[in-house]
Amino acid sequence: MARRTKQEAQRTRHALLDAAELVFERRGVAGTSLQEVAAAAGLTRGAVYWHFRDKADLFNAMMDRAVLPFEQHWLEGAASDAADPLSRLRELLHDILRQLAVDERLRRVFTISTQKVEYVGELDAIRERHLRVYQQSLRRIELLLRQAAAAGQLAGGLAPKAGARALHALVHGLIVDWMLEPSAFDLQRTGRAALAPMLRGLARA
């Protein structure tokens, strides 16, 4: 009985997260009430508060469910990184573009997080998550560039911190532009073409 109750609670939680994705995408986070999320899930408002403290908690749980497995893969270093840091960096950036292009849920929550949320009122707490992931991403890229410099792979005079910001800005800008109009260009193909000359410019001749 206890196991079934736990499974039912998990199903309810996932139903609320599914509903939040759809309603947030359609109405925006600030414009959505928790009652609307509950109604979209066929549940009561009390069910929302049983699982989530407030709208920001619901939003962050939605993001974690969709993005956390990918963030861990992208952001966590590996002992093998130092063998060929520039190749690892290229693979990492290409993989981010590929995952966003093929994973519908990931695309949806990224769209919500970049286009459908305002850092106002109770939603100001969401900014903390965005800043944390942004800073982790920069550190990950910068570390790979530092490892590349130590391995003699980088062109002289390049500051890893500046290079990390430039690469992050390029990939993030491509993603934001693509989400505004996905039919305008192929994210993977255009992204690889845009990254190629920048990565070549980073490499030591």
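For clarity, every value in this text was computed on a predicted model and none was experimentally measured.

Along the backbone of the protein chain there are 9 helices and 0 strands. Ordered by position from N to C terminus, the α and β elements of the protein chain give α-α-α-α-α-α-α-α-α. By the burial criterion, 40% of the 205 residues in the protein chain qualify as buried. Sequence separation of 24 or more characterises 74% of the internal contacts of the protein chain that already satisfy a separation of 6 or more. Total accessible area on the protein chain stands at roughly 11,000 Å², and carbon and sulfur atoms take up 52% of it.

What follows is about helix α2 (residues 34-41). Among the residues of α2, those classed as buried are Leu34, Val37 and Ala38. One side of α2 holds all its buried residues, which, seen down the axis, span an arc of 100°. Where α2 terminates, the next one or two residues include Gly42, which has phi positive at roughly 75°.

Quick look at the environment of Leu93 now. With respect to the helices, strands and loops of the structure, Leu93 is situated in helix α5 (residues 85-102). Leaving out residues up to four positions away in the same chain, Leu93 has contacts with Ile141, Leu167, Val171 and Leu195.

As a further point, take the confidence of the model for the protein chain. Looking at the protein chain as a whole, its pLDDT mean stands at 90, while 98% of the residues score no less than 70. Across the protein chain, α2 holds the top mean pLDDT of 97, while helix α4 (residues 55-75) sits lowest at 86.

Attention shifts here to the nonpolar core. Counting residues in hydrophobic clusters, the biggest one holds 52 residues, and the most contacted among them are Phe24, Leu89, Leu145 and Leu167. For this core, the secondary structure elements donating two or more residues are α1 (2-27), α2, α4, α5, α6 (104-115), α7 (124-150), α8 (160-180) and α9 (187-202). It is α4 that contributes the most residues to this core, 11 residues altogether. Ignoring anything within four residues of it in the chain, the contact list for Leu167 reads Leu89, Leu93, Ile141, Leu145, Leu195, Met198, Leu199 and Leu202.

On to the pattern of salt bridges. The tally for this structure, following the rule as stated, stands at 18 salt bridges. Residues Glu91 and Arg88 are paired through a salt bridge, measuring 3.9 Å at the closest nitrogen-oxygen approach. Here Glu91 pairs with Arg88, and both are found in helix α5, just 3 residues apart, close to one helical turn. Look at Arg88 and you get buried, because its relative accessible area is 19%. A salt bridge links Arg146 to Glu142; the shortest N-O distance between them is 2.7 Å. Taken as a pair, Arg146 and Glu142 lie in helix α7 at a separation of 4 residues, close to a single helical turn. Among the charged side chains, a salt-bridge network with shared partners connects Asp18, Glu21, Glu25, Arg65, Glu104, Arg105, Arg107 and Arg108.

Closest axis-to-axis distance for the α8/α9 pair is 11 Å, and the angle between their directions is 165°. Here α8 is positioned roughly antiparallel relative to α9, judged by the angle of their axes. Pair α8 / α9 crosses with right-handed handedness. Where α8 abuts α9, its residues Ala166, Leu167, Leu170, Val171, Leu174, Ile175 and Trp178 lie against Leu187, Thr190, Gly191, Ala194, Leu195, Met198, Leu199 and Leu202. Across the contact of α8 with α9, the residue classes break down as 13 nonpolar, 2 polar and no charged.

A few words now on the packing of aromatic side chains. Counted by the stated rule, this structure contains 1 aromatic pair. Taken together, a centroid distance of 6.4 Å and an interplanar angle of 45° make the contact between Phe24 and Phe59 tilted. Of this pair, Phe24 sits in helix α1 while Phe59 sits in helix α4; the two residues are 35 residues apart in sequence, bridging distant segments of the chain. Since its relative accessible area comes to 0%, Phe59 is described here as buried.

Our focus in this paragraph is the layout of surface pockets. Size it by volume and the largest pocket reaches roughly 650 Å³. Per-element accounting of the lining of the largest pocket gives the leading share, 7 residues, to α7. Tallied by class, residues from the lining of the largest pocket come to 16 nonpolar, 6 polar and 3 charged.

Parameters and conventions
- Position numbers for residues count from 1 along each chain, tracking the sequence in the order it is written.
- In keeping with the model being predicted, local features are shown solely for residues with a pLDDT of at least 70 and side-chain atom pairs are shown and tallied solely at 80 or more, while totals for entire chains, interfaces and linings include all residues.
- Side-chain descriptors were evaluated using all non-hydrogen atoms of the structure, hydrogens and water having been removed beforehand.
- Each helix corresponds to a stretch of at least 4 residues labelled H or I by DSSP, and each strand to a stretch of at least 2 residues labelled E; elements are numbered beginning at the N terminus.
- Residue exposure (1.4 Å probe, protein chains only): buried if accessible area is under 20% of the type maximum, exposed if over 50%, otherwise partly exposed.
- Residue contacts are defined here by distance: any two heavy atoms, one from each residue, within 4.5 Å place the two residues in contact.
- With residues, only the protein chains shown are counted as cover, and all accessible areas are computed by Shrake-Rupley using a 1.4 Å probe.
- An arc is given here, and it is the one of the directions from the helix axis to the C-beta atoms.
- Scored between 0 and 100, pLDDT is the confidence that the predictor attaches to each residue.
- Side-chain atoms within 4.5 Å are what join buried Ala, Val, Leu, Ile, Met, Phe, Trp, Tyr and Cys residues into a set we call a nonpolar core.
- Here, a salt bridge means any Lys or Arg side-chain nitrogen found within 4 Å of an Asp or Glu carboxyl oxygen.
- Angles here are taken between N-to-C directions and fall from 0 to 180 degrees, while the axes themselves are lines fitted to C-alpha atoms, restricted in helices to the stretch in contact.
- Under this scheme an angle from 65 to 115 degrees is roughly perpendicular, one under 35 degrees roughly parallel, and one over 145 degrees roughly antiparallel; angles in between are oblique.
- Should the near helix be turned counterclockwise from the far one by less than a right angle, the crossing is left-handed, whereas a clockwise turn marks it as right-handed.
- Charged means Asp, Glu, Lys or Arg here, nonpolar means Ala, Val, Leu, Ile, Met, Phe, Trp, Tyr, Cys or Pro, and polar covers whatever is left, Gly included.
- Classification of ring pairs rests on two measures: the distance between centres of Phe, Tyr or Trp rings, Trp counted by its six-membered ring, which must be within 6.5 Å, and the angle between planes, read as stacked under 30 degrees, edge-to-face over 60 and tilted in between.
- Cavities and pockets are defined on a 1 Å grid built over the protein atoms alone: a cavity is a set of grid points where a 1.4 Å probe fits but cannot escape, while a pocket is an open set with protein on both sides within 12 Å along at least five of seven lines, and lining residues are those with an atom within 4 Å of any such point.
- Grid points are joined across faces, edges and corners, and a volume is the space filled by probe spheres set on the points.

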